[in-house]
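Breakdown of the fold
So you can see what is in the structure, the chains are spelled out below.
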Amino acid sequence: MSSYRVTLIPGDGIGPEVTDAAVKVLEATGVNFDWEVVEAGERALKKEGTPLPQAVLDSMKKNRIALKGPLTTPIGGGYRSVNVALRQMLNLYASVRPSRSIAGVGTLYSDIDLVVVREATEELYSGIEHWIDRDHSAAETISVVTRKASEKIVNYAFDYAVREKRKKVTAVHKANIMKTTGALFQEVSQQVAKHYPTIEFEERLIDNMAMQLVKKPQAYDVIVTTNLFGDILSDLCAGLAGGLGITPGAIIGDEIALFEPVHGSAPKYAGQDKVNPVATILSGEMMLKHLGEREAAENVWNAVFDTIKEKKVITYDLIEGGHANNALSPSRCSQMADEIARKVRESA
Ligand code: NAD
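How each quantity is defined
- Residues numbered from 1 in each chain as written.
- Predicted model: local features only at pLDDT ≥ 70, side-chain atom pairs only at ≥ 80, totals over all residues.
- Heavy atoms only, no water.
- Axes fitted to C-alpha atoms, helices over the stretch in contact; angles between N-to-C directions.
- Helix = DSSP H or I, 4+ residues; strand = E, 2+ residues; numbered from the N terminus.
- Parallel < 35°, antiparallel > 145°, perpendicular 65-115°, else oblique.
- Contact = heavy atoms within 4.5 Å.
- Nonpolar A, V, L, I, M, F, W, Y, C, P; charged D, E, K, R; others polar.
- Domains from an automatic or database assignment.
- Buried area = accessible area lost by both parts, 1.4 Å probe.
- Salt bridge = Lys/Arg side-chain N within 4 Å of Asp/Glu carboxyl O.
- Buried < 20%, exposed > 50% of the residue type's maximum accessible area, 1.4 Å probe, protein only.
- Near = heavy atom within 4 Å.
- Polar contact = N/O pair within 3.5 Å; in protein donor to acceptor, adjacent residues only side chain to side chain.
- Areas by Shrake-Rupley, 256 points an atom, 1.4 Å probe, with all protein chains shown as cover.
- Pairing = 2+ DSSP bridges.
- Expected span 1.5 Å × (residues − 1).
- Left-handed = near helix turned anticlockwise from the far one by under 90°.

**Quick look at the packing of helix 7 (residues 206-215) against helix 8 (residues 227-241)**
- With their axes 10 Å apart at the nearest point, helix 7 and helix 8 run at an angle of 5° to one another. Of the possible angle classes, the one that applies to helix 7 and helix 8 is roughly parallel. Residues I206, M209, A210, L213 and V214 of helix 7 pack against F229, L233, L236, C237 and L240 of helix 8.
- Grouping the amino acids of the contact of helix 7 with helix 8 by side-chain chemistry returns 10 nonpolar, no polar and no charged.

The following block contains the structure:
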């Protein structure tokens, strides 16, 4: 039986624990994987003198698909973010973050099902910024929005909606104030929408969208937007559905797709076998869908859903949410992964 060769980047801090958990669950599906393990981030810096060795880029270019743990980025100095470098060097332009309610995770709503598709290469994150004077009395950051990148991301969002049998795409911008960058994204969204007559299209201004998502998130489906707005809205949606421990992500280019949890490397928990593996396991579920292994993906989703709903084998964060049986003692990261893998095996 053929197998998928996948680049596996364990990452820093809690990364190795959560990627081990995801590998365990993915292998329980019966789909064959051949993992090519490469190091990036702090671990690579210690071993090889660089946080982004050429072997990582070569492996991703060759395999075109990668599962990655979080990487530590030094704050206010040190080396440049490896995550940002990977996006730019491999042209990974579409950040995709689904947020779905899972019964048993304490949140405001129980019926969230949102996907934020965010343009990840330009706008206010283009890196064009400077101080106006030596006294640092003012600063300037330039927002660059191109027709080409806008077309790519809006097309990606509509294609995703068609593929995933979604009903509606909402384009989010601030064209009333940003009369060039905002208006360009708005114009491109309207033009692209005409090519997808089966998908409903609507627009929202970013400020209104933030309020609408908090008041009636059920009214939304796929949301497509530029970099900064998408960064903020995807965290808002993750918060609505239950937070960092359960939110997966993907960052996709024309050639390469990278799957990773939304959370960071949480260094204070590293090596304790304590954190929630679900965000990384569900990143693996997104990877299965991307590979066309939809039945395996569904088995993983159902196993995660049932494990959390049962509240027998769950990590501390799902108990401290206040909605689990408080008499319960928290399970370890590896125990939760074993339980999810067991359920996947049963249904495979
Ligand atoms: P973080 O997500 O690592 O941790 C914040 C807090 O969230 C943790 O202290 C913990 O309480 C909780 N948490 C995170 N993941 C969890 C999990 N799986 N289960 C249970 N609780 C969890 O954010 P941070 O402290 O701001 O960042 C730490 C490092 O991670 C930084 O160096 C940052 O740059 C990096 N980071 C990397 C990525 C990435 O590689 N994609 C993303 C975000 C942050």
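The discussion continues.
**Considerations on the domain arrangement of the protein chain**
- Here the domain parsing of the protein chain yields domain 1 (1-103 + 242-348) and domain 2 (107-241).
- The gap between the C-alpha centroids of domain 1 and domain 2 is 24 Å.
- Contact residues are listed per partner, giving 22 residues for domain 1 and 27 residues for domain 2.
- With both chains or domains summed, domain 1 and domain 2 bury close to 2,000 Å², and 46% of this area falls on carbon and sulfur atoms.
- Area buried by domain 1 at its contact with domain 2 is led by Y93, R97 and S99, which between them contribute 33% of it.
- Taken together, the links from domain 1 to domain 2 amount to 4 salt bridges.

**Brief notes about the pattern of salt bridges**
- On inspection of all chains with the given rule, the structure shows 25 salt bridges.
- Of the charged contacts, one joins K47 and E39 as a salt bridge, the two residues approaching to 3.3 Å between their closest N and O atoms.
- Take E39: its relative accessible area is 14%, and that puts it in the buried class.
- Note that R118 is salt-bridged to D231, the shortest N-O span being 3.6 Å. One end of the pair, R118, is in strand 5 (residues 113-119); the other, D231, is in helix 8, and 113 residues separate them in sequence.

**Description of the site of the ligand**
- In the vicinity of the ligand, 20 residues are found, and the nearest of them are L71, T73, N83, G264 and A266.
- Within the side chain of H263, one N or O atom sits 3.2 Å away from a nitrogen atom of the ligand.
- N276 places a polar main-chain atom, nitrogen or oxygen, 2.9 Å from a nitrogen atom of the ligand.
- Starting from 810 Å² of accessible surface for the ligand in isolation, the protein chains cover 70%.
- Taken together, the residues that form the shell around the ligand break down as 9 nonpolar, 7 polar and 4 charged.

**Thoughts on unusual backbone geometry**
- For E123, which is not glycine, the phi dihedral falls at a positive 60°.
- With respect to the helices and strands, E123 occurs in the loop between strand 5 and strand 6 (129-131).
- Not every positive phi belongs to a glycine, and H136 is a case in point at roughly 55°.
- The topology assignment puts H136 in the loop between strand 6 and strand 7 (139-141).

**Here we look at the environment of Y196**
- Residue position: Y196 is located in the loop between helix 6 (181-193) and strand 9 (200-205).
- As a C-alpha pair, Y196 and D159 span 37 residues in sequence and 8.6 Å in three-dimensional space.
- When residues no more than four places from it in sequence are discounted, the contact partners of Y196 are N155, F158, D159 and V162.
- Here N155 takes part through its side chain, which lies 3.2 Å from a polar atom of the side chain of Y196.

**Re the sheet that holds strand 3 (residues 65-68)**
- Here 10 strands make up an open sheet; going across it, the order is 2-1-3-12-11-4-5-10-8-9 and the pairing mixed. Of all strands in the sheet, those bounded by a partner on one side alone are strand 2 (33-37) and strand 9. Here the strands of the sheet are splayed against their neighbours by 25° on average, with no regard to which way each runs.
- In terms of strand pairing, strand 5 meets strand 10 (residues 222-225) through 4 bridges, oriented parallel. Each residue of the ladder has a partner; that of V116, found in strand 10, is I223.

**Let's talk about helix 12 (residues 333-347)**
- In this model, helix 12 (15 residues) spans 22 Å end to end at C-alpha, consistent with the 21 Å of a helix rising 1.5 Å per residue.
- Those residues of helix 12 that fall on the buried side of the exposure criterion are C333, M336, A337, E339, I340, A341, K343 and V344.

**Some thoughts on the packing of helix 5 (residues 147-163) against helix 6**
- It is the contact of helix 5 with helix 6, at a shortest axis distance of 9 Å, that shows an interaxial angle of 45°. Comparing their axes, helix 6 and helix 5 come out oblique. Between helix 5 and helix 6 the crossing geometry is right-handed. Contacts between helix 5 and helix 6 involve R147, S150, E151, I153, V154, N155 and F158 from the first element and L184, F185, E187, V188, S189, Q191, V192 and A193 from the second.
- For the contact of helix 5 with helix 6, the per-class residue count stands at 8 nonpolar, 4 polar and 3 charged.

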